[in-house]
Amino acid sequence: MNQVEGLHHLAIATANMKEQIEFFTDKLGMELVALYWMHGVPNTWHGFLRLNDESAIAFVSNPGIGKVPVEFGVTHAGNASANCARGTMQHLALKVKSHDEILAMRDRLRAKGVPAVGPVDHGMCVSIYFAGPENLALELSYSREPINQEAWIDPEVVELAGISPEELARYKQPEDFAPQGGKVPQPGPEGPGPHLANYPPGLYEQVLAAPDELIWNSVDNQPPVKPKTP
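Residues numbered from 1 in each chain as written. Predicted model: local features only at pLDDT ≥ 70, side-chain atom pairs only at ≥ 80, totals over all residues. Heavy atoms only, no water.

A. Region of interest: the sheet that holds strand β3 (residues 45-52). With mixed pairing, the four strands of this open sheet are ordered in space as β1-β4-β3-β2. One side of each edge strand has no neighbouring strand; the edge strands of this open sheet are β1 (9-14) and β2 (32-37). Averaged over all pairs of adjacent strands, the angle between their axes in this sheet comes to 20°, without regard to strand direction. By the bridge criterion, seven bridges tie β3 to strand β4 (residues 55-61) in an arrangement that is antiparallel. What sits directly across from R50, in β4, is A56. Taken strand by strand, helix α1 (residues 17-27) contacts β1, β2, β3 and β4, and its axis lies near 10° from that of β3. (Pairing = 2+ DSSP bridges. Helix = DSSP H or I, 4+ residues; strand = E, 2+ residues; numbered from the N terminus. Axes fitted to C-alpha atoms, helices over the stretch in contact; angles between N-to-C directions. Contact = heavy atoms within 4.5 Å.)

B. Layout of the pairing of strand β8 (residues 136-142). Summarising burial for β8: seven of the seven residues are buried, a large majority. Residues L136, L138, L140 and Y142 of β8 are buried on one face, and the alternating residues A137, E139 and S141, pointing to the opposite face, are buried as well. In this structure, strand β5 (residues 92-95) lies alongside β8, joined through four bridges in parallel fashion. Residue pairing for β8: K95 is matched across the bridge by S141. Pairing between strand β7 (residues 126-132) and β8: seven bridges, direction antiparallel. Bridging across to β8, F130 finds its partner in L138. (Buried < 20%, exposed > 50% of the residue type's maximum accessible area, 1.4 Å probe, protein only.)

C. Focus on unusual backbone geometry. Following G118, the chain continues into P119 via a peptide bond in cis, with omega recorded as 15°. The topology assignment puts P119 in strand β6 (residues 117-121). The residue after G193, namely P194, is reached through a cis peptide bond having omega 5°. Among the structural elements, P194 can be located in the loop between α5 (165-172) and α6 (203-209). If you check the backbone angles, N43 has positive phi at about 55° while not being a glycine. The residue N43 is located in the loop between β2 and β3 in this model. Of note, the phi angle at E134 is positive, near 60°, even though the residue is not glycine. Within the fold, E134 resides in the loop between β7 and β8.

D. Layout of the pattern of salt bridges. Scanning all chains against the criterion turns up five salt bridges. The salt bridge partner of K112 is D26, with a shortest N-O separation of 2.9 Å. Here K112 is found in the loop between α2 (99-111) and β6, whereas its partner D26 is found in helix α1, with 86 residues between them in sequence. Taking the relative accessible area as the measure of exposure, K112 reaches 35% and is therefore partly exposed. Classification of D26 as partly exposed rests on a relative accessible area of 24%. K172 is the salt-bridge partner of E150, the closest N and O atoms lying 2.9 Å from each other. Within this pair, whereas E150 is found in helix α3 (residues 149-152), its partner K172 is found in helix α5, the two being separated by 22 residues in sequence. Given a relative accessible area of 26%, K172 falls into the partly exposed group. Salt bridges sharing common partners tie together D26, K27 and K112. (Salt bridge = Lys/Arg side-chain N within 4 Å of Asp/Glu carboxyl O.)

This is a description of form; function is not addressed.
Structure (structure tokens):
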């Protein structure tokens, strides 16, 4: 059973929070639902733009981000078919419901001066392509029906990826896992990982050694503004 059932948020670095908010609200019609100091991260803002009640696109901003040099083919792809460094976001595809909606969004983008290419019928989905601020490569897509794994897993690509028949069967139907009530202990930094990176020296080890209860209570989780009651 697939317990990962959707996107909660995808965090994107920005050197200009206002520019990103302006684009996603004006050009795409998304609502700003949160903008606050990022918990536990000095001098850093976090902004959330609503996809639905459970999903958002998030932005992370601080003065240091603007000092990181942009290099196409390294830090950014620039479009949905170009290269960027492994482990970075190549492009972001957002979902719409139908062909009428994708055409309506293309109209909105073009009316606001944003070139939008497509639709392209990929079979498994239909997409348009456009750019966002700071060289984001963006896409809007819909699928007519759920993706059929028997039709869209290419044996040639499976072989090129070095995937055995046994591995493919496991990937198509991952094994179940019996939860243990949250009692599995934290692996240490010497464990196989992968591990989070780019912490100050020694901090990652401290985080892994901290009791889960301490992590739970480690931030002030109250909203920065108390909503007015009706």
